Amino acid sequence: MELIGEPVPRIAVAVIVTHNRRVLFGKRRVADSDFEWQLPGGWINIGESPMQAAVREVREETGLTLGILEFVALTNNIFSPKNHSISLCFEAECVEPEKLMIKEPEKCLGWQWCEWHEVEDKLFLPLANLMKSDYRPFIGDKRTVSFSI
Ligand code: 8DG
Ligand code: MG
């Protein structure tokens, strides 16, 4: 997207996709030959709701369909002085895990179901921020929204 004038924070979505008490992480490209662990997600398109963006990004990147989405966290991601995003994070169970695919092989080396704190090295900044917040998956009714600000 073409940005005119001063840079502004952009809004992204990230999805904690769950199955059998594990979470889906992808080793995704952040530079030509550099990869980091990310949750599926991406930018909200103009005219879309955050939840629609979350469902679309997961479908585009993994082929998966989600159950009910729950808004669980917000992270404030300052990559550099002119590169700043806010991630709205949703948690949702995956309905048909056997449909998992690497739909964007040029952007993603692969997907893995892991325990929440199992993935530690080479974290994408928004995911590192979420891991440092008080957010934990699988809390259900006892949840309050977590902020990493
Ligand atoms: P584009 O960058 O290709 O134009 O858009 P996209 O299709 O939405 O890209 P993407 O590679 O799916 O989205 C990843 C971008 O979204 C990444 O460059 C930075 C941004 N992003 C955040 N926070 C988060 C997050 O928490 N998870 C994910 N997956 N992406 C995020 O700013
Ligand atoms: Mg995307």
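Located above this text is the structure these notes cover.
Residues numbered from 1 in each chain as written. Chains lettered and ligands numbered in written order. Predicted model: local features only at pLDDT ≥ 70, side-chain atom pairs only at ≥ 80, totals over all residues. Heavy atoms only, no water.

Chemist: Help me get a handle on the overall build of the protein, residues and values and all.
Modeler: If you tally the helices and strands in the protein, you get 2 helices and 8 strands. Along the protein, helices and strands appear, N-terminal first, in the series β-β-β-β-α-β-β-β-α-β. Taking 2.2 N^0.38 as the reference for a compact globule, 149 residues should give roughly 15 Å; the C-alpha atoms of the protein span a radius of gyration of 15 Å, in line with that estimate. With the C-alpha coordinates of the protein rotated into their principal frame, the extents come out at 45 × 35 × 35 Å. Looking at the protein as a whole, 46% of its 149 residues are labelled buried. With an accessible surface of roughly 8,600 Å², the protein has 54% of that area assigned to carbon and sulfur atoms. Both charge centroids of the protein, one from 17 positive and one from 22 negative side chains, sit 1 Å from each other. (Helix = DSSP H or I, 4+ residues; strand = E, 2+ residues; numbered from the N terminus. Rg over C-alpha atoms; globule rule 2.2 N^0.38 Å. Buried < 20%, exposed > 50% of the residue type's maximum accessible area, 1.4 Å probe, protein only. Areas by Shrake-Rupley, 256 points an atom, 1.4 Å probe, with all protein chains shown as cover. Lys, Arg positive; Asp, Glu negative; His and termini not counted. Charge placed at Lys NZ, Arg CZ, Asp CG, Glu CD.)

Chemist: Go over the coordination of the magnesium ion (ligand 2) with me, naming the residues and quoting the values.
Modeler: Coordination sphere of the magnesium ion (ligand 2), protein contribution only: Glu 57 (OE) and Glu 61 (OE), at 1.9 to 2.2 Å. Pair noted here: Glu 57 and Glu 61 are both in helix α1 (residues 50-62), with a separation of 4 residues, about one helical turn. Each member of the pair, Glu 57 as well as Glu 61, is classed as buried. (Donors = N, O, S within 2.8 Å, 3.2 Å for Na, K, Ca; no water.)

Chemist: I'd like to hear about the site of ligand 1, residue by residue, with values.
Modeler: Near ligand 1 lie 17 residues; those nearest to it are Leu 39, Trp 43, Glu 61, Ser 85 and Ser 87. Here an oxygen atom of ligand 1 and a backbone polar atom of Gly 41 are 3.1 Å apart. Considering ligand 1 on its own, with 630 Å² of exposed area, one finds that the protein chains cover 72% of that surface. (Near = heavy atom within 4 Å. Polar contact = N/O pair within 3.5 Å; in protein donor to acceptor, adjacent residues only side chain to side chain.)

Chemist: If you had to explain a nonpolar patch on the surface to someone new, which residues and values would you point to?
Modeler: Nonpolar side chains collect at one region of the surface, where Phe 71, Val 145, Phe 147 and Ile 149 lie side by side and expose about 410 Å² of accessible area between them. Note on placement: Val 145 falls in the loop between α2 (125-132) and β8 (146-148). (Patch = residues over 30% accessible without salt bridge, like charges linked within 9 Å, V, L, I, M, F, W, Y side chains within 5 Å. Salt bridge = Lys/Arg side-chain N within 4 Å of Asp/Glu carboxyl O.)

Chemist: If you had to explain α2 to someone new, which residues and values would you point to?
Modeler: With 6 of 8 residues buried, α2 is to be regarded as a mostly interior element. Where α2 is buried, its residues touch β1 (10-19), β2 (22-31), β3 (34-38), β5 (70-80), β6 (83-93) and β8. (Contact = heavy atoms within 4.5 Å.)

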